[in-house]
Amino acid sequence: MSARRVDEALPATRTGEACAQAPLFELQRVDVRYGRVRALCAVDLRVVPGERLALVGANGSGKSTLLRVLNGLAVHTAGQLVRDAASRQAMLFQRPFMLRASALNNVALGLWLGGVPWQAARLQALGALRRVGLLDAAAQNARTLSGGQQQRLALARAWARRPDVLLLDEPTASLDPHAKREVETLMADFAAGHGAGGPAHPVTMVFSSHNLGQVKRLASRVVYLEHGRVMADLPVHDFFHGPLPEAARLFVKGEMV
Amino acid sequence: MSTMTQSAATALDLLTSADAALWTIVARSLAVSATACALACGAGLVLGAWLGVARFAGRGAVLAVLNTLLAVPSVVVGLAVYLLLSRSGPLGSWGWLFSFKAMVLAQTILVLPVVTALTRQLVEDADRAHGEQLQSLGAGPLLRSLLLAWDERYALLTVLIAAFGRAISEVGAVMIVGGNIDGFTRVMTTAIALETSKGDLPLALALGFVLLAVVLALNVCIALLRRWRERVDGAAAGPAIGVAA
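Residues numbered from 1 in each chain as written. Chains lettered and ligands numbered in written order. Predicted model: local features only at pLDDT ≥ 70, side-chain atom pairs only at ≥ 80, totals over all residues.

Colleague: Mind laying out the overall build of chain A, listing which residues take part and the relevant values?
Modeller: Looking only at helices and strands, chain A has nine helices and 10 strands in total. Across chain A, contacts joining residues at least 24 apart in sequence account for 68% of those joining residues at least 6 apart. (Helix = DSSP H or I, 4+ residues; strand = E, 2+ residues; numbered from the N terminus. Contact = placed C-beta atoms within 7 Å.)

Written as structure tokens, this is what we have:
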């Protein structure tokens, strides 16, 4: 796997050590500032293939910013970021944006923007719609779909691009329990690499969530952020059962305001 | 019978009797404004969409000028075009002054900022809300602006209708560059002004009725479009834009 140098090079020894499990992302002391606001402070993070990484923390803790940095939508103002150039990414947002067009064309557009010719994109999009259970709604105006259906459509649009990494920013935050379960099931399936028409290998998943039950169900590792800093970075079992910094402990207990 | 009611009755006669002079003026007005709108929209939609997404040094100044041009009186536009097209002006050799083309040019210049500014606002709002998602799919600024403009196409139709309303109801620019020549450059607004000053109120009133009807029809179109959009999208339609005579 080739590592693209986003800014300065990482120390050779470090990349050498990581050869067995080359990272998809490696952040070293990454800062992001929005004017005078420091959204991320000295964040160190390493994401390797096959991980299901959950970002948790209060509102404004930097979860979305971190995802945007990983996706290249936000530019870090300090530190080093190395991103695997060969890996394909797709990102899902809390409220997915659908064009005033059919569900099929919305999925095809994502593929077309990725360089797939339009007719081929429409064919691939059909497979992706089938995968998320929206084939019957292929011709329907995407804006008239329910919130849960739109999020599944967004998953289809992301998944059709055959990503190696799926970045999800609170993907179920605005959904009812039923829709939440449907989306979670799809997320779990994609992470496990199930189904045809998408990536044949497990998809690495980085998602933010306020739902700790969802984190337990889906994540293999949890990063707790507070005021833009990583306060805990632990395997999911250790995060929920091991010792934690005080703020993270209160967060997990639901006592943090 | 008072002068007003007498004039109104005669005006209605003119309207129902298919008076050739009256309907020629109406047709010319519609042709000038429609051509001007088509030209202004061709450039204004693309420019506005691009301005809605592009970020460059001096963008604030460009937007300030654009917003200022929204409020430029039509007589000032007429004067500027007159200076350009007059025999001693830089475009004098074209020989367009006091012609259909001159009126189209003036109205295009008048309407262009309206189309550009409203398109820019619509696309910029859409980009602020959704641009990042298109960007994450791989759309660059130009593609993003075009996709968002296309996505806002119903709202942009409203902009086009509003622009047409602005064009057809203006009097100053076409009066100066068209000259209000009978059978040649006389349009509804200039004819109303002339006939009123001559005291021929029935023709002025008849033209006024037609102009009001056109503006009313445009507003009905806007309202129907908004209702249709709400039905199709199941969501609230965009900004409220109307047409004033």
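Colleague: So, the overall build of chain B: which residues are in play, and what are the values?
Modeller: Counting secondary structure elements, chain B contains 10 helices and zero strands. Of the regular secondary structure in chain B, the N- to C-terminal order runs α-α-α-α-α-α-α-α-α-α. Across its three principal axes, chain B shows a C-alpha extent of roughly 70 × 50 × 25 Å. In chain B, which comprises 245 residues, the proportion classed as buried is 44%. Considering only contacts in chain B between residues 6 or more positions apart, those separated by 24 or more positions represent 78%. (Buried ≥ 20, exposed ≤ 12 C-beta atoms within 10 Å, placed from the backbone.)

Colleague: Kindly report on the packing of helix 4 (residues 118–131) of chain A against helix 5 (residues 147–160) of chain A, identifying the contributing residues and their values.
Modeller: Residues and elements named next belong to chain A. The interhelical angle for the contact between helix 4 and helix 5, taken along N-to-C directions, is 130 degrees, at an axis separation of 9 Å. Viewed along their axes, helix 4 and helix 5 adopt a mutual orientation that is oblique. For helix 4 against helix 5, the interelement crossing comes out right-handed. Here helix 4 contributes Gln124, Ala125, Ala128, Leu129 and Arg131 to the contact with helix 5, which in turn contributes Ala156, Trp159 and Ala160. Split by residue class, the contact of helix 4 with helix 5 holds six nonpolar, one polar and one charged. (Axes fitted to C-alpha atoms, helices over the stretch in contact; angles between N-to-C directions. Parallel < 35°, antiparallel > 145°, perpendicular 65-115°, else oblique. Left-handed = near helix turned anticlockwise from the far one by under 90°. Nonpolar A, V, L, I, M, F, W, Y, C, P; charged D, E, K, R; others polar.)

Colleague: Tell me about the interface of chain B and chain A, and name the residues and values.
Modeller: Contact residues are listed per partner, giving 14 residues for chain B and 13 residues for chain A. Those elements giving two or more residues to the side of chain B that touches chain A turn out to be helix 5 (100–137), helix 6 (141–151) and helix 10 (201–233) of chain B. Considering every element that reaches the side of chain B that touches chain A, the biggest residue donor is helix 5 of chain B, with six residues. Classifying every residue of the side of chain B that touches chain A gives five nonpolar, six polar and three charged.

Colleague: Residue-level account of the environment of Gly165 of chain B, with values.
Modeller: Residues and elements named next belong to chain B. Take Gly165: it is sitting in helix 7 (residues 153–169). Look at Gly165 and you get buried, because 26 C-beta atoms sit within 10 Å. Expressed as a C-alpha distance, the spacing of Gly165 and Ala18, which sit 147 residues apart in the sequence, is 24 Å.

Colleague: Can you explain helix 6 (residues 177–192) of chain A? Please cite residues and give values.
Modeller: Residues and elements named next belong to chain A. Its 16 residues give helix 6 an end-to-end C-alpha distance of 22 Å, which sits within 8% of 22 Å, the value for a rise of 1.5 Å per residue. Looking at helix 6, one finds that the buried residues are Val183, Leu186, Met187, Phe190 and Ala191. Projected down its long axis, helix 6 carries its buried residues within an arc of 135 degrees, all on one side. Of the residues in helix 6, the exposed ones pointing more than 90 degrees away from the buried face are Pro177, His178 and Ala192. Check the buried side of helix 6 and you find it contacts strand 4 (52–56), helix 5, strand 7 (165–169), strand 8 (204–208) and helix 7 (212–218). A positive backbone phi angle near 80 degrees is found at Gly193, which sits one or two residues after helix 6. (Expected span 1.5 Å × (residues − 1). Arc of directions from axis to C-beta.)

Colleague: Describe the pairing of strand 3 (residues 37–47) of chain A, and please don't skip the residues or the numbers.
Modeller: Residues and elements named next belong to chain A. Sheet topology places strand 2 (residues 25–34) next to strand 3; seven bridges connect them, and they run antiparallel. From the neighbouring strand, Phe25 faces strand 3, where its bridge partner is Val47. Linkage of strand 2 to strand 3, two consecutive antiparallel strands, is achieved through a turn of two residues, within which Gly35 is found at a positive phi near 65 degrees. (Pairing = 2+ DSSP bridges.)

Colleague: Any chance you could break down the confidence of the model for chain A for me, citing the residues and the numbers?
Modeller: Model confidence for chain A is summarised by a mean pLDDT of 87, while 88% of its residues fall at 70 or above. Segment residues 1–19 of chain A: pLDDT under 50, and 23 contacts once partners within four positions in sequence are set aside and those in other chains are kept. (pLDDT = per-residue confidence, 0-100.)

Colleague: Outline the sheet that holds strand 7 of chain A, listing residues and values.
Modeller: Residues and elements named next belong to chain A. Read from one edge of the open sheet, six strands run 6-7-8-4-9-10, paired in mixed fashion. Each having just a single partner strand, strand 6 (89–92) and strand 10 (229–235) make up the two edges of the open sheet. Put simply, the sheet's adjacent strands are angled 15 degrees from each other on average, direction ignored. Here strand 9 (residues 221–226) runs beside strand 10; their pairing, made up of six bridges, is antiparallel. Bridge assignment links Val223 to a residue of strand 10, and that residue is Asp233.

Colleague: Describe in detail unusual backbone geometry, supporting the description with residues and values.
Modeller: One can expect most non-glycine residues to show negative phi and most peptide bonds to be in trans. Its identity as a non-glycine residue notwithstanding, Arg162 of chain A has a phi of 50 degrees, on the positive side. Within the fold, Arg162 of chain A resides in the loop between helix 5 and strand 7. A positive phi angle, near 55 degrees, is found at Asn180 of chain B, a position not held by glycine. Tracing the backbone shows Asn180 of chain B in the loop between helix 8 (172–178) and helix 9 (188–198). A residue is classified by how many C-beta atoms lie within 10 Å of it, and Asn180 of chain B, with 18 of them, is partly exposed.

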